[in-house]
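Remarks on the overall topology
Listed here are the chains, written in short residue letters.
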Amino acid sequence: MKETKFYLIADPHYFASELGCSGDEYEDFMHYEQKCFAETENINKSVFDFLKKADESDILLIAGDLIFNGEKKSHEGFLKLLNSLKDHGKKIYVVTADHDFKRNAGDTFAFGENGRYSPEHTTRDELTKLYADFGFGDAIAIDKEHLSYVAQISDNVRLLALNCDLKENGKYYFYPEQIEWIKEQTAKAREDGQIMFAMCHYPIIPGQPLFSLISPMIIRDAHKFASFLADEGVHMIFTGHMHNQSINVITTENGNKLYDITTGSIIADPAVIRHITIKDENTVEIKSIPTPDFEWDTEGKTCKEYLSDMFDRMIVNVLTDMRDDTQRMMNKFHLEDKGATKKILGIAGKFICSVKVGTLAKLLFIKCHKSIKKMRVLDYATELVRGAFEGNQTFKEGTPKGDVFVALLRRIRFILKKIDVKGWDGKKADLYDILKNTAGNYDIDDYNATLILK
Ligand SMILES: [Fe+2]
Ligand SMILES: [Fe+2]
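I will try to describe carefully the structure that is included in this document. Worth saying up front: this structure is predicted, and the values here are computed from it rather than measured.

**Overview of the overall build of the protein chain**
Summing up its helical and strand segments, the protein chain has 15 helices and 17 strands in all. In terms of overall dimensions, the protein chain is globule-like: its C-alpha atoms have a radius of gyration of 22 Å, near the 22 Å expected for 454 residues. Counting only C-alpha atoms and orienting by the principal axes, one finds that the protein chain spans roughly 65 × 60 × 40 Å. For the protein chain, buried positions account for 56% of its 454 residues. The long-range fraction of contacts in the protein chain, counting pairs at least 24 apart against all pairs at least 6 apart in sequence, stands at 69%. Summing over all exposed atoms, the protein chain offers an accessible surface of approximately 20,300 Å²; the carbon and sulfur share of this is 51%. Of the side-chain charges in the protein chain, 60 are positive and 70 negative, and the distance between the mean point of each set is 7 Å.

Okay, here's the thing in structure tokens:
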């Protein structure tokens, strides 16, 4: 068969700057933000300029959260970019997600001259019409109710574009009738001898093991749904949402595989564009390209450096506020001051901000390589968290930073064993394993990999 190639981006979160993104309230909002706001228009423009010239494929897939937060004006601006790429002969397929619409007029926000206000919003019903030229319009099958469709992207490859943007009890989920529709489409693809892969904004396999324990980060019955797709012959799904970069795989009881390739946002660290080649029905090559530099006063930093510093600033702000402004930090994460929560957080903040890794290691009778002894725990923690989002995490056994982390986990393993929490597969979670594999990537390369589907 002929190879099928395409580019893919996730979470472009385009924001029409004309709506307003400056002032004190804006700065206050950005204090704990990991993604850009004012810069998104320019980053998107530079990515689309890159894609216009990119000659390895004429197909682009976008895995949802197209705009910032439901503003009508942002859709208008983003559609201009899509249309100009289309005019360059490119074919674009999108899925939408919950940042692309709002239920109520007051749910959007921007920061104009008079501070925070709500610009005009987009409703969910408007999305299929708005994006008719970018997937919904020439789909070979469509489930309008659930904003899902099937598109023939090459002679032998079909895209199953899925959406599950409605929540129940805080979790996104696929409706039973939508699952029936998917079953019909996968059966049809098998009947027609087509390779079918999926795209959905929300990850099916948790991007990092730790995400599997944080309820809003995974969809309802995710493990069951992953197995369902794999057994239906869909062996690959492209997702976004968490703004992290990862490739994970599960094998079902029947021996079928599903890979979930989660791509980071282009407007937040690690800022990546994927390039995918379906070589044959069993082999797929994944490559990652850094988001190009954009027009902005970045003080000489590349796009990657600028966004990675922004990520660090968010973590540092959270941790230093734990010490200096505990209440502000608690308000942000909706933490109630039950018992001594505030006091404990304050003490933890003081410790993290002042202690060095060498001192911490000494306190716990852990060996520590001299190269990181003088590193602040604050910087160590920041790098650790950033790694979990960037993928190919480097805190692995056998490295100075990884050895300290794994030794620390061993010290507290007896406590971790007593904590009874369920993993995404419904079985008791092995917290030692989860934390170790979140800090260090021991399996598939999250950026460039050759996937064997069967
Ligand atoms: Fe997003
Ligand atoms: Fe999202």
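**Side note on the coordination of the iron ion (ligand 1)**
Surrounding the iron ion (ligand 1) are the protein donor atoms Asp11 (OD), His13 (NE2), Asp65 (OD) and His243 (NE2), which sit 2.1 to 2.4 Å from the metal. Sequence spacing of the donor residues for the iron ion (ligand 1), all on one chain, is D-x1-H-x51-D-x177-H. Metal-to-metal, the separation of the iron ion (ligand 1) and the iron ion (ligand 2) is 3.4 Å; aspartate 65 coordinates the two. With aspartate 11 in the loop between β1 (4-9) and α1 (24-30) and aspartate 65 in the loop between β2 (59-63) and α3 (72-87), this residue pair connects regions lying 54 residues apart in the sequence. Both residues of the pair, aspartate 11 and aspartate 65, belong to the buried class.

**Some points on the packing of helix α2 (residues 40-53) against α3**
Interaxial distance between α2 and α3 falls to 10 Å at its minimum, and their mutual angle equals 10°. In terms of their interaxial angle, α2 and α3 are classed as roughly parallel. Two secondary-structure elements touch here, α2 through Asn44, Lys45, Phe48, Leu51 and Lys52 and α3 through Phe78, Leu81, Leu82, Ser84 and Leu85. Within the contact of α2 with α3, the residues separate by chemical class into six nonpolar, two polar and two charged.

**Details of the environment of glycine 135**
Mapped onto the secondary structure, glycine 135 falls in helix α5 (residues 132-136). Separated by 21 residues in the primary sequence, glycine 135 and asparagine 156 have C-alpha atoms spaced 17 Å apart.

**With respect to the coordination of the iron ion (ligand 2)**
Protein coordination of the iron ion (ligand 2) is provided by Asp65 (OD), His201 (NE2) and His241 (ND1), with donor distances spanning 2.2 to 2.3 Å. Counting the intervening residues between successive donors of the iron ion (ligand 2) yields the motif D-x135-H-x39-H.

Thresholds applied
Residues numbered from 1 in each chain as written. Chains lettered and ligands numbered in written order. Predicted model: local features only at pLDDT ≥ 70, side-chain atom pairs only at ≥ 80, totals over all residues. Heavy atoms only, no water. Helix = DSSP H or I, 4+ residues; strand = E, 2+ residues; numbered from the N terminus. Rg over C-alpha atoms; globule rule 2.2 N^0.38 Å. Buried < 20%, exposed > 50% of the residue type's maximum accessible area, 1.4 Å probe, protein only. Contact = heavy atoms within 4.5 Å. Areas by Shrake-Rupley, 256 points an atom, 1.4 Å probe, with all protein chains shown as cover. Lys, Arg positive; Asp, Glu negative; His and termini not counted. Charge placed at Lys NZ, Arg CZ, Asp CG, Glu CD. Donors = N, O, S within 2.8 Å, 3.2 Å for Na, K, Ca; no water. Axes fitted to C-alpha atoms, helices over the stretch in contact; angles between N-to-C directions. Parallel < 35°, antiparallel > 145°, perpendicular 65-115°, else oblique. Nonpolar A, V, L, I, M, F, W, Y, C, P; charged D, E, K, R; others polar.

Read these as spatial facts, not as claims about activity.
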